[in-house]
Amino acid sequence: MTLLGCIADDLTGATDIALNLVRNGMKTVQVAGVPESQVDLDGADAVVVALKSRTIPARAAVEQSLNALDFLLSAGAEQIFFKYCSTFDSTDQGNIGPVLEALQHKLACDVTIACPAFPEAGRSLFQGHLFVNGRLLSESSLRDHPLTPMRDPDLVKVLQRQSGGQVGLVPWEVVRTGHAAIAQKIEAARTEGKTLLIVDAIVDDDLRAIGQAVASHKLLSGGSGLAIGLPENFRRAGKLHPYDPVAGFDYPSGAGAILAGSCSAATREQIKNAITVGFPALQLDPFKLAKGSAEVQRACDWLSERLDETGLPPLVYSTASPDEVRDFQVEYGRDRAGKLVEEAHKTLARHLFGLGVRRFMVAGGETSGAVVEALGVPMLEIGPEIAPGVPWTRSIGGDETVALALKSGNFGDADFFSKAWGMSQQ
Ligand code: ADP
């Protein structure tokens, strides 16, 4: 029976939380979208439903999230976790508040925590303010994200602007004193009429204390970091059996390829590094993509020529600087611009599969969602960790197995692609 059910608002976020659950001893499967028919969850302790809802209108995100909730409850989930980005990627029109409030309503929860922090990955929260690698969110590269530019680092205010209820804070002065004090503060906030609580965390042990404090909550929300404390709750309750995560993970044979649609600073560095060490690379021109199919065809032809099972995998990227992204968005609008590029990556993914590629490395959350959809992958199992938050995964339940390294844009060191490729060669 499933213990924990997670609803993730994008695919790499889903993989990220699944990795943290696996690392802490929970057998976890990831489902791409809400399954339309019965699926075999293989006795998983935790099930993560990966939606592609981060930037869709609130009403659609609520509907998809409630469908995911129904699926998870029918699988037996005792606790529900709504997972969003550790950098809270969501504009004032965004859907984190509306989705949380809809889940609260359905689960009859009058207060729920919201903790995107993950100190190990460089995301910490202090006095409700989010820091990314030591810089305020609004001064980090997320300021210029193509879809969700983050210009306000005060998450109490950001979440309040999206929510009907009252947003409060569990400050670090409380968090540092441990789980009992956190639980007490949550209860006090509930009696004051607060409905959503941003919770500070500046070291990973804070996340474990928060996890313990909310063991009996039906609904939680946050980044993948919050999940590190949850398996222990189930273990303490005698519900979790020992589980060896990586045993037996092997890679399908077949060529490899890289698709990068993230424009994040880390991805831009990783592409530079890949080119320097000799990965064959081709950049897509989004203006040409918008004009017709010739640009994608050019990339397909290039890939057909380049694919060589013995050499380094080819890299096709739409990745561009914030100025270039802005120019393209001014002409086509933010959403249409994103969709145009994602459609190109989908076509390329299908083409690569046709060429025999079975090991895909993908940069970007939305981009990964698009690629997995194009490949028709129904479920993923989690394999070895390439970088914090990014494992190799392997498809399950489809006709043919593919291995996928799905990277949230800002994750991984500069040599990410070399490292991922090297691991898949062993
Ligand atoms: P990240 O994980 O860094 O947020 P995503 O893939 O989630 O990356 O988001 C990047 C978005 O930017 C996608 O919708 C993608 O299609 C879009 N995009 C990629 N390249 C460009 C470009 N050159 N101009 C405009 N938008 C782009």
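Residues numbered from 1 in each chain as written. Predicted model: local features only at pLDDT ≥ 70, side-chain atom pairs only at ≥ 80, totals over all residues. Heavy atoms only, no water.

**So, the sheet that holds strand β6 (residues 123–126)**
Stage number 1. The strand order across the open sheet built from three strands is β6-β7-β8, with neighbouring strands paired in antiparallel fashion. With one partner strand each, in any of the chains shown, β6 and β8 (135–136) form the two edges of the open sheet.
Stage number 2. The pairing of strand β7 (residues 129–132) with β8 spans two bridges and is antiparallel. Bridged to Phe131 within β8 is Leu136. (Pairing = 2+ DSSP bridges. Helix = DSSP H or I, 4+ residues; strand = E, 2+ residues; numbered from the N terminus.)

**Focus: the site of the ligand**
Stage number 1. Of all residues adjacent to the ligand, which total 21 residues, the nearest are His145, Ser262, Ser264, Glu342 and Thr367.
Stage number 2. Measuring from an oxygen atom of the ligand, one finds a backbone N or O atom of Gly338 at 2.9 Å.
Stage number 3. Between the ligand and the protein, one listed contact pairs an oxygen atom with a backbone N or O atom of Glu366 at 2.7 Å.
Stage number 4. Taking 570 Å² as the accessible area of the ligand by itself, protein coverage stands at 97%.
Stage number 5. When grouped by side-chain class, the residues that make up the shell around the ligand number eight nonpolar, eleven polar and two charged.
Stage number 6. For the shell around the ligand, the two domains that each supply at least three residues are domain 1 (4–236) and domain 2 (255–424). (Near = heavy atom within 4 Å. Polar contact = N/O pair within 3.5 Å; in protein donor to acceptor, adjacent residues only side chain to side chain. Areas by Shrake-Rupley, 256 points an atom, 1.4 Å probe, with all protein chains shown as cover. Nonpolar A, V, L, I, M, F, W, Y, C, P; charged D, E, K, R; others polar. Domains from an automatic or database assignment.)

**Notes on unusual backbone geometry**
Stage number 1. In this structure, Gln127 is a non-glycine residue whose phi angle is positive, near 50°.
Stage number 2. Residue placement: Gln127 occurs in the loop between β6 and β7.
Stage number 3. Of note, the phi angle at Asn133 is positive, near 50°, even though the residue is not glycine.
Stage number 4. With respect to the helices and strands, Asn133 occurs in the loop between β7 and β8.
Stage number 5. Among the residues examined, Asn133 registers a relative accessible area of 58% and is labelled exposed. (Buried < 20%, exposed > 50% of the residue type's maximum accessible area, 1.4 Å probe, protein only.)

**Points about the side chain of Gln329**
Stage number 1. Position of Gln329 relative to the elements: it lies in helix α12 (residues 322–332).
Stage number 2. Classification of Gln329 as buried rests on a relative accessible area of 18%.
Stage number 3. Engagement of the side chain of Gln329 in a polar contact is seen with the backbone oxygen of Pro146, the distance being 2.6 Å.

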